[in-house]
Amino acid sequence: MSKADARCFIEALALDRPNPETELRYTTPFSLLVAVVLSAQTTDAAVNKVTPGLFAEAPTPAAMMALGAAGIGRHIRTIGLWQGKARNVAALSEMLVRLHGGEVPADRAALEALPGVGRKTANVVLNVVFGESTMAVDTHIFRIGNRTGLAPGATPRAVEDQLLARIPATLLRHAHHWLILHGRYVCKARRPECWRCPAAKWCRYQDKTPAPAAP
Ligand code: SF4
C-alpha cells in the first residue's frame, strides 16, 4: 500500500471513530500500567471485571506492594496467567516505589525494565499517559498490517516500524486505537466484515467478505 493510500486508510478509520480510547478502565497512570500488564492474552472486558476490586484495595504502587502477589492473586484469578501476572504486578510496584518515587516513568527503557512490561505495554503507556506517538502492535494490529497491505511484516516490531514510517505524524497519536478497534469490531480475525468497512477502498485484501444475504 502506498503512503498516500495508508493516509486515506487511517483517515477513513478516524472519521468512523473520531474520539478513540482504550477500552481498559483506569484512573491513573499506575492503574493503566497494571491494567495493560493484566490484559496480556486476556480480553479487556475480563480485566475490567477484576480491576475495580483490586484498585479499591490497592490504588498506589506502595499499597500494591503491601498487598503482595498472594493478595493481588485473590482479585485476579479469573483472568488468564493470573499467577505470573500477580507476581509481576507486585514486583513492578516494588520497583516503582524503590526507583521512581512511586510514579510511572515517562521513559521507554525504565518502563521496559519493569517486570511483565514489554515493548507493547510500554508503547501503550507512553501513548495514552504521556501523549507520545507510539504504535503498540497487538494481535489485531499485526493482523491488519499484514492482511490489508498497510504494514506487512513478519514480526510485531517489523509491523510497528512500517506503521511508524507510513502513517502521517498528525494521525499517529491515535492510530493504534483506531486500528485496534477496527480489528476488534470490523476487520475480525476469522471473518472480516468488509461490506461495512470504511477503509475498504484502500485495502489490498483480495478475498473481501461480501454482505450477508438479506433474511
Ligand atoms: S476491507 Fe475487509 S480486510 Fe480490508 S480492512 Fe476492511 S474489513 Fe479488513
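Analysis parameters
Residues numbered from 1 in each chain as written. Predicted model: local features only at pLDDT ≥ 70, side-chain atom pairs only at ≥ 80, totals over all residues. Heavy atoms only, no water. Axes fitted to C-alpha atoms, helices over the stretch in contact; angles between N-to-C directions. Helix = DSSP H or I, 4+ residues; strand = E, 2+ residues; numbered from the N terminus. Parallel < 35°, antiparallel > 145°, perpendicular 65-115°, else oblique. Left-handed = near helix turned anticlockwise from the far one by under 90°. Contact = heavy atoms within 4.5 Å. Nonpolar A, V, L, I, M, F, W, Y, C, P; charged D, E, K, R; others polar. Phe/Tyr/Trp six-rings, centres within 6.5 Å; stacked < 30°, edge-to-face > 60°. Lys NZ or Arg CZ within 6 Å of the ring centre and 35° of its normal. Near = heavy atom within 4 Å. Disulfide = S-S within 2.5 Å. Buried < 20%, exposed > 50% of the residue type's maximum accessible area, 1.4 Å probe, protein only. Domains from an automatic or database assignment. Buried area = accessible area lost by both parts, 1.4 Å probe. Salt bridge = Lys/Arg side-chain N within 4 Å of Asp/Glu carboxyl O. Core = buried A, V, L, I, M, F, W, Y, C linked by side-chain atoms within 4.5 Å. Expected span 1.5 Å × (residues − 1). Bend = angle between axes of the 7 residues up to and from the residue.

### Regarding the packing of helix α3 (residues 44–57) against helix α4 (residues 61–76)
Here is step 1 of the chain: Remark: α3 packs on α4, axes separated minimally by 10 Å, with the N-to-C direction vectors making an angle of 150°. Here α4 runs roughly antiparallel to α3, going by the angle between their axes. Seen from above, α3 lies across α4 with right-handed handedness. Two secondary-structure elements touch here, α3 through Val50, Gly53, Leu54, Phe55 and Glu57 and α4 through Ala63, Met64, Leu67, Ile72, His75 and Ile76.
Here is step 2 of the chain: Looking at the contact of α3 with α4 residue by residue, the classes come out as eight nonpolar, two polar and one charged.

### Comments concerning the packing of aromatic side chains
Think of a pair of aromatic rings as described by two things: how far the centres are apart, and how the planes are tilted against each other in angle.
Here is step 1 of the chain: Applying the stated rule across the entire model yields zero aromatic pairs.
Here is step 2 of the chain: A cation over an aromatic ring shows up here: arginine 147 above the ring of tyrosine 205, its NZ or CZ 5.4 Å from the ring centre.

### Description of the site of the ligand
Here is step 1 of the chain: Residues in close proximity to the ligand include Phe9, Arg147, Thr148, His182, Cys187, Pro192, Cys194, Cys197, Ala200, Cys203, Tyr205 and Lys208, which together make up its full environment.
Here is step 2 of the chain: Each residue belonging to the shell around the ligand can be placed in one class, and the counts come to eight nonpolar, two polar and two charged.

### Section: the state of the cysteines
Here is step 1 of the chain: A full pass over the atoms with the stated rule returns zero disulfides.
Here is step 2 of the chain: A disulfide-free cysteine, cysteine 8 has its sulfur positioned 13 Å from the sulfur of cysteine 197, the nearest such atom.
Here is step 3 of the chain: We classify cysteine 8 as partly exposed; its relative accessible area is 25%.

### So, the domain arrangement of the protein
The parts lose accessible area when they come together, and the size of an interface is often stated as this lost area.
Here is step 1 of the chain: When the domains of the protein are assigned, the result is domain 1 (3–20 + 135–202) and domain 2 (29–128).
Here is step 2 of the chain: Here the C-alpha centre of domain 2 lies 27 Å away from the C-alpha centre of domain 1.
Here is step 3 of the chain: Facing the 11 residues of domain 1 at the interface are seven residues of domain 2.
Here is step 4 of the chain: Of the roughly 730 Å² buried between domain 1 and domain 2 on both sides combined, carbon and sulfur atoms contribute 41%.
Here is step 5 of the chain: Taken together, the links from domain 1 to domain 2 amount to two salt bridges.

### Considerations on the nonpolar core
It is characteristic of soluble globular proteins that their nonpolar side chains tend to be buried jointly.
Here is step 1 of the chain: Grouped together as the largest cluster of nonpolar side chains are 35 residues, with contacts concentrated most on Leu33, Leu54, Met64 and Ile72.
Here is step 2 of the chain: Mapped by element, the contributors of at least two residues to this core are α2 (29–38), α3, α4, α5 (82–100) and α7 (119–128).
Here is step 3 of the chain: Broken down by element, this core gets its largest block of residues, eight residues, from α2.
Here is step 4 of the chain: Ignoring anything within four residues of it in the chain, the contact list for isoleucine 72 reads Leu54, Met64, Leu67, Ala86, Val89 and Ala90.
Here is step 5 of the chain: If you look at the next biggest cluster of nonpolar residues, it comprises 28 residues, including Ile10, Ala14, Ile144 and Ile167.

### Considering α3
Here is step 1 of the chain: Under the 1.5 Å per step criterion, the end-to-end length of α3 is 20 Å for 14 residues, consistent within 8% with the ideal 20 Å.
Here is step 2 of the chain: The sharpest bend along α3 reaches about 35° and sits at threonine 51, with the proline proline 52 one to four residues further on.
Here is step 3 of the chain: Asp44, Val47, Asn48, Val50, Thr51, Leu54 and Phe55 are the residues of α3 that are buried.
Here is step 4 of the chain: The inward-facing, buried residues of α3 abut α2, α4 and α10 (169–185).

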